[in-house]
Amino acid sequence: MQAKDNTLCLTKRKPKWLTLRCIKLTSTESVFYSPANNLKGSSALIVIYKIGLTSKTMQYIASQSNHPATVFLNQNEITKRHCNIRWFNQTSEIKRCGHGTLAAANFLIKYFGYCPEVFTSMSNERFTIRVKKQRAQLLLKSIEPKKSELAKGELKSVFSSAIKAAYSTGDKNGYTVVLFNEEFNKEFSKEFSKDAEKDDLKSLHVDFKALSKLHKNAVIALSIKNIDKKNAIAHFRYFAPQFGVNEDSATGSAVSIIAPLLFRLHGLNKAKLIQQSNNGALLSYEFSNAKVVIY
């Protein structure tokens, strides 16, 4: 099924760039939300285009959007098994974007009744899609972080709470996980108890200017709340001022780093992750054979 020839805008506001002939379809899609728990998740602007849309124009379109990510898909590729994908925030192109990929897949399923099996990024990373009950699940290769005293030292002045340990995937353009707690409550079986609302990560203060100067990786602040395998829960926040976003509202790609770390530390194959951004988000995952399924 092909997109309609006439440009169709499914968003509430019709911006000037929508008049470009190469724009065929636009819409917005939200993921990782949970109304029952007052978690808004995150959204993406989906732009389906014909040939002729330059990187400069993509960045301009994204700069006019109020969504955390703007996703670009070629109309001629969305009907195929493999489809290229690009993501931009308001200031720059995004290297990896889990929430944007899931949003695009769910939109295509909803609007066309299908989506590609694999989305491929500009860096040739494969984002595999599984469909379960007409909802997309994202399959990513896990990225194993290593304990880093260097990262811990660089970041000690950035946060208002003491860092217990830091784990990095590299020294530049990667991810660093900072762990803030070492004690676990095995009786913590209710996912959204009143105690969880008073979590230390919500009150965590971050010096974004210092983070930009002192560290080259995006930073994931992690607090483990329950290591019981049936009810495993962790809270996290995601900071990337070096890449144009002080704090992301919902970060699917972060799970590819968190999952192998929780497995190494506590043998957890699956867990619920609550992202404690202003919007809040609920992410679930399953981890096996160095791969993570996110939904």
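(A) Structural detail: the environment of Ile46. Position of Ile46 relative to the elements: it lies in strand β3 (residues 42–49). Note on Ile46: relative accessible area 0%, which makes it buried. Taking the C-alpha atoms as reference points, Ile46 and Thr70, separated by 24 residues in sequence, lie 6.0 Å from one another.

(B) Quick look at the pattern of salt bridges. Inspection of the entire model under this criterion finds six salt bridges. Of the charged contacts in the structure, one is a salt bridge between Lys110 and Glu29, with a shortest N-O distance of 3.1 Å. With Lys110 in helix α2 (residues 98–112) and Glu29 in strand β2 (residues 23–31), this pair connects stretches of sequence that are 81 residues apart. In this structure Lys110 comes out as exposed when scored by relative accessible area, which is 59%.

(C) Quick peek at the pairing of β2. Within β2, seven of the nine residues are buried, leaving the element largely enclosed by the surrounding structure. In this structure, β2 lies alongside β3, joined through eight bridges in antiparallel fashion. In the strand pairing of β3, Ile23 is matched with Tyr49.

(D) Structural context of the pairing of strand β10 (residues 135–141). With five of seven residues buried, β10 is to be regarded as a mostly interior element. In terms of strand pairing, strand β9 (residues 126–132) meets β10 through five bridges, oriented antiparallel. Looking across to β10, one finds that Val131 is bridged to Ala136. With four bridges connecting them, β10 and strand β19 (residues 291–294) associate as antiparallel partners. Paired with Leu140 across the two strands is Val292, which belongs to β19.

(E) Focus on the packing of aromatic side chains. Counting across every chain of the model gives ten aromatic pairs. Taken together, the ring pairs in this structure connect Phe107, Tyr111, Phe112 and Tyr114 into an aromatic cluster.

(F) Spatial organisation of unusual backbone geometry. With phi around 60 degrees, Phe32 is a residue other than glycine that occupies positive phi space. Looking at the element boundaries, Phe32 is found in the loop between β2 and β3. Given a relative accessible area of 7%, Phe32 falls into the buried group. With a phi close to 60 degrees, Ala290 is a non-glycine residue in the positive phi region. By secondary structure assignment, the location of Ala290 is in the loop between β18 (281–288) and β19. Given the relative accessible area of 43%, Ala290 is considered partly exposed.

(G) Main features of the side chain of Thr101. Structurally, the position occupied by Thr101 is in helix α2. For Thr101, a relative accessible area of 0% translates into the label buried. Within polar-contact distance, the side chain of Thr101 engages the side chain of Trp87 at 3.2 Å. Contacts of Thr101, omitting those with residues within four sequence positions, involve Ile85, Trp87, Phe119, Phe127, Ile129 and Leu138.

(H) Examining the layout of surface pockets more closely. The volume enclosed by the largest pocket comes to roughly 980 Å³. Around the largest pocket, the lining comprises 50 residues; the ones closest to its centre are Tyr238, Ala240, Val245, Asp248 and Thr251. No other element matches the four residues that strand β15 (residues 233–240) contributes to the lining of the largest pocket. Grouping the amino acids of the lining of the largest pocket by side-chain chemistry returns 16 nonpolar, 24 polar and ten charged. What the second largest pocket holds in volume is close to 360 Å³. Around the second largest pocket, the lining comprises 14 residues; the ones closest to its centre are Phe32, Tyr33, Arg135, Ala136 and Tyr295. Every element with two or more residues in the lining of the second largest pocket is listed here: α2, β10 and β18. Looking at which element gives the most residues to the lining of the second largest pocket, the answer is β10, with three residues. Classifying every residue of the lining of the second largest pocket by side-chain character gives seven nonpolar, three polar and four charged.

Parameters at a glance
- Residue indices follow the written sequence of each chain, beginning from 1 at its first position.
- Side-chain atom pairs in this predicted model are given and counted only at pLDDT of 80 or more, local residue features only at pLDDT of at least 70, and totals for whole chains, interfaces and linings cover all residues.
- Excluded from the side-chain calculations are hydrogens and water; all other atoms, namely the structure's heavy atoms, are used.
- Think of it this way: any DSSP run of H or I at least four residues long counts as a helix, any run of E at least two long counts as a strand, and we number them from the N terminus.
- Burial status follows relative accessibility: with a 1.4 Å probe on protein chains alone, a residue under 20% of its type maximum counts as buried, one over 50% as exposed, and anything between as partly exposed.
- The term salt bridge refers to a side-chain nitrogen of Lys or Arg lying within 4 Å of a carboxyl oxygen of Asp or Glu.
- Two strands qualify as a pair provided that DSSP identifies no fewer than 2 bridges between them.
- In summary, the pairing rule links any two rings of Phe, Tyr or Trp, Trp by its six-membered ring, whose centres are within 6.5 Å, and it sorts them by plane angle into stacked for under 30 degrees, edge-to-face for over 60 and tilted for everything else.
- Polar contact is defined as a pair of N or O atoms within 3.5 Å, subject to the rule that within protein one atom must be able to donate a hydrogen and the other to accept it, and that residues adjacent in sequence are counted only when both atoms are side-chain atoms.
- Any two residues whose heavy atoms approach within 4.5 Å at even a single point are treated as in contact.
- Cavities and pockets are found on a 1 Å grid laid over the protein atoms alone: a cavity is a set of points where a 1.4 Å probe fits but cannot escape, a pocket is an open set with protein on both sides within 12 Å along at least five of seven lines, and a lining residue has an atom within 4 Å of such a point.
- Grid points are joined across faces, edges and corners, and a volume is the space filled by probe spheres set on the points.
- Throughout, the ten residues Ala, Val, Leu, Ile, Met, Phe, Trp, Tyr, Cys and Pro are labelled nonpolar, Asp, Glu, Lys and Arg are labelled charged, and all others, Gly among them, are labelled polar.

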